[in-house]
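Below are the chains, spelled out letter by letter.
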Amino acid sequence: AQSVAQPEDQVNVAEGNPLTVKCTYSVSGNPYLFWYVQYPNRGLQFLLKYITGDNLVKGSYGFEAEFNKSQTSFHLKKPSALVSDSALYFCAVRDFNQAGTALIFGKGTTLSVSS
Amino acid sequence: GAVVSQHPSRVICKSGTSVKIECRSLDFQATTMFWYRQFPKQSLMLMATSNEGSKATYEQGVEKDKFLINHASLTLSTLTVTSAHPEDSSFYICSAKLAGGSSYNEQFFGPGTRLTVL
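Residues numbered from 1 in each chain as written. Chains lettered and ligands numbered in written order. Predicted model: local features only at pLDDT ≥ 70, side-chain atom pairs only at ≥ 80, totals over all residues. Heavy atoms only, no water.

Colleague: Would you take a moment to explain the overall build of chain A for this structure?
Modeller: In terms of helices and strands, chain A carries zero helices and twelve strands. Put simply, chain A runs from its N terminus to its C terminus through helices and strands in the order β-β-β-β-β-β-β-β-β-β-β-β. Taking 13 Å as the expected radius of gyration for a compact globule of 115 residues, we find that chain A reaches 14 Å, a close match to that expectation. Dimensions of chain A along its principal axes, counting C-alpha atoms only, are 45 × 30 × 20 Å. Of all 115 residues assigned to chain A, the portion counted as buried reaches 47%. Sequence-distant contacts, at least 24 apart, represent 58% of the contacts inside chain A between residues at least 6 apart. Of the roughly 5200 Å² of accessible surface on chain A, 48% is carried by carbon and sulfur atoms. Positive and negative side-chain charges in chain A, numbering 9 and 8 respectively, have mean positions lying 5 Å apart. (Helix = DSSP H or I, 4+ residues; strand = E, 2+ residues; numbered from the N terminus. Rg over C-alpha atoms; globule rule 2.2 N^0.38 Å. Buried < 20%, exposed > 50% of the residue type's maximum accessible area, 1.4 Å probe, protein only. Contact = heavy atoms within 4.5 Å. Areas by Shrake-Rupley, 256 points an atom, 1.4 Å probe, with all protein chains shown as cover. Lys, Arg positive; Asp, Glu negative; His and termini not counted. Charge placed at Lys NZ, Arg CZ, Asp CG, Glu CD.)

Below is the structure:
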């Protein structure tokens, strides 16, 4: 069975500081990993994804994520946080070889960036 | 490209009525669509997988007679909440997957529908 864990309900950082939102996953095969952001009463916005290749993936709005196979992690990072980054962040996974299956989401992490 | 729309964006209904939510892939064909449900400040929980021309596959604990799914074309799936009750109030999000069996095909998400049952 596939699963995603986001161990932190909330992450607080000051504007200008680096941020990390943690995610670990479990899949039986090769992982197809995603990060999405959600603003209040809005749908999901795609940030980035990892399929294969370079372990450091760069995405939208200056975000990046590092795939670590040995630790089964896919942490989201940004070198310098903005107040406008405050939102709900979801990590999601599916088995890359199971093309017809849905993404499974973590519980979400609320990022709060203070000015 | 790869835009998914949902209609309506918000709906308020009385308890006991039925509500239909549409999910459309606007610029691509989707043989598979997924329906998720999200409670406030919680994650997206997969409700069902909708395949064009066949019956939907429901996740454990989701009542198929209450949440009717119809995927009649390659661009449209509908979710009907029958005899809605206040506990059905939630944010319903659909996603559509590009047609074809490629493992690279990702899901594209709609903007969500806020259902409030009074």
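Colleague: Explanation requested: the sheet that holds strand β1 (residues 4-7) of chain B in the structure shown.
Modeller: Hydrogen bonding along the main chain pairs the strands of a sheet, whether they run parallel or antiparallel. All names here are of chain B. The antiparallel open sheet is built from four strands, whose spatial order is β1-β3-β8-β7. Each edge of the open sheet carries a strand with a single partner, namely β1 and β7 (67-73). Within the sheet, the average angular offset between the axes of one strand and its neighbour, ignoring direction, is 15 degrees. Here five bridges tie β7 to strand β8 (residues 76-81), and the two strands are oriented antiparallel to one another. Across the sheet, residue Phe 67 finds its bridge partner in β8, namely Val 81. (Pairing = 2+ DSSP bridges. Axes fitted to C-alpha atoms, helices over the stretch in contact; angles between N-to-C directions.)

Colleague: Just to check I follow, could you spell out the state of the cysteines for this structure?
Modeller: Note on terminology: disulfide describes a covalent bond linking the sulfur atoms of two cysteines. Residue and element names in this part refer to chain B. Inspection of the entire model under this criterion finds two disulfides over all chains. The disulfide that involves Cys 23 links it to Cys 94, with 2.0 Å between the sulfurs. Every disulfide takes its handedness from the sign of the S-S torsion; for Cys 23 and Cys 94 that torsion is 80 degrees, giving right-handed. Of this pair, Cys 23 sits in strand β3 (residues 19-25) while Cys 94 sits in strand β9 (residues 90-97), and the two are 71 residues apart along the sequence. Here Cys 23 matches Cys 94 in class, with each residue buried. In this structure Cys 13 is not part of a disulfide, and its nearest cysteine sulfur, from Cys 94, lies 18 Å away. (Disulfide = S-S within 2.5 Å.)

Colleague: Please explain the nonpolar core as it appears in this structure.
Modeller: The nonpolar side chains of soluble globular proteins are, as a tendency, buried together. Trp35(A), Leu47(A), Leu48(A), Phe74(A), Leu76(A) and Tyr89(A) are the most contacted members of the largest nonpolar core, which totals 27 residues. Broken down by secondary-structure element, the contributors of at least two residues to this core are β2 (10-14), β3 (19-21), β5 (31-38), β6 (44-50), β8 (64-68), β9 (73-78), β10 (87-95) and β12 (109-114) of chain A. Core analysis: the next-biggest nonpolar cluster, separate from the first, contains 24 residues, Phe28(B), Leu79(B), Tyr92(B) and Ala96(B) among them. (Core = buried A, V, L, I, M, F, W, Y, C linked by side-chain atoms within 4.5 Å.)

Colleague: Sorry if this is basic, but what is going on with the pattern of salt bridges here?
Modeller: Any two side chains of opposite charge can pair, so long as their charged atoms come close to each other. Residues and elements named next belong to chain B. This structure, assessed with the given rule, holds six salt bridges over all chains. With its nearest N and O atoms 2.9 Å apart, the salt bridge here joins Lys 66 to Asp 88. Highlighted residues: Lys 66 in the loop between β6 (57-58) and β7 and Asp 88 in the loop between β8 and β9, separated in sequence by 22 residues. (Salt bridge = Lys/Arg side-chain N within 4 Å of Asp/Glu carboxyl O.)

Colleague: Mind showing me how you'd approach the interface of chain B and chain A here?
Modeller: How large an interface is tends to be reported as the accessible area lost when its parts come together. On the side of chain A, 24 residues touch chain B, which itself brings 23 residues to the contact. Buried surface at the junction of chain B and chain A, summed over both partners, amounts to about 1700 Å²; 55% is from carbon and sulfur atoms. Our count for the contact surface shared by chain B and chain A stands at zero salt bridges. At the junction of chain B and chain A, the tally comes to five residue pairs in polar contact (both at pLDDT 80 or more). Of all the secondary structure elements, the ones that give two or more residues to the side of chain B that touches chain A are β4 (32-38), β5 (44-51), β9 and β10 (107-109) of chain B. The dominant element in the side of chain B that touches chain A, judged by the number of residues it contributes, is β4(B), at four residues. In the side of chain B that touches chain A, the residues fall into nine nonpolar, ten polar and four charged. (Buried area = accessible area lost by both parts, 1.4 Å probe. Polar contact = N/O pair within 3.5 Å; in protein donor to acceptor, adjacent residues only side chain to side chain. Nonpolar A, V, L, I, M, F, W, Y, C, P; charged D, E, K, R; others polar.)

Colleague: Hey, could you run me through unusual backbone geometry in this one?
Modeller: Backbone geometry follows two general trends: most residues other than glycine have a negative phi, and most peptide bonds adopt the trans configuration. Note that the residue after His7(B), namely Pro8(B), is joined by a cis bond; omega there is 0 degrees. Its place among the elements puts Pro8(B) in the loop between β1 and β2 (10-13). The phi dihedral of Thr72(A) is positive, around 45 degrees, even though this residue is not glycine. With respect to the secondary-structure elements, Thr72(A) resides in the loop between β8 and β9. We note that Ser83(B) has phi near 45 degrees; this positive angle belongs to a residue other than glycine. With respect to the helices and strands, the residue Ser83(B) is situated in the loop between β8 and β9.

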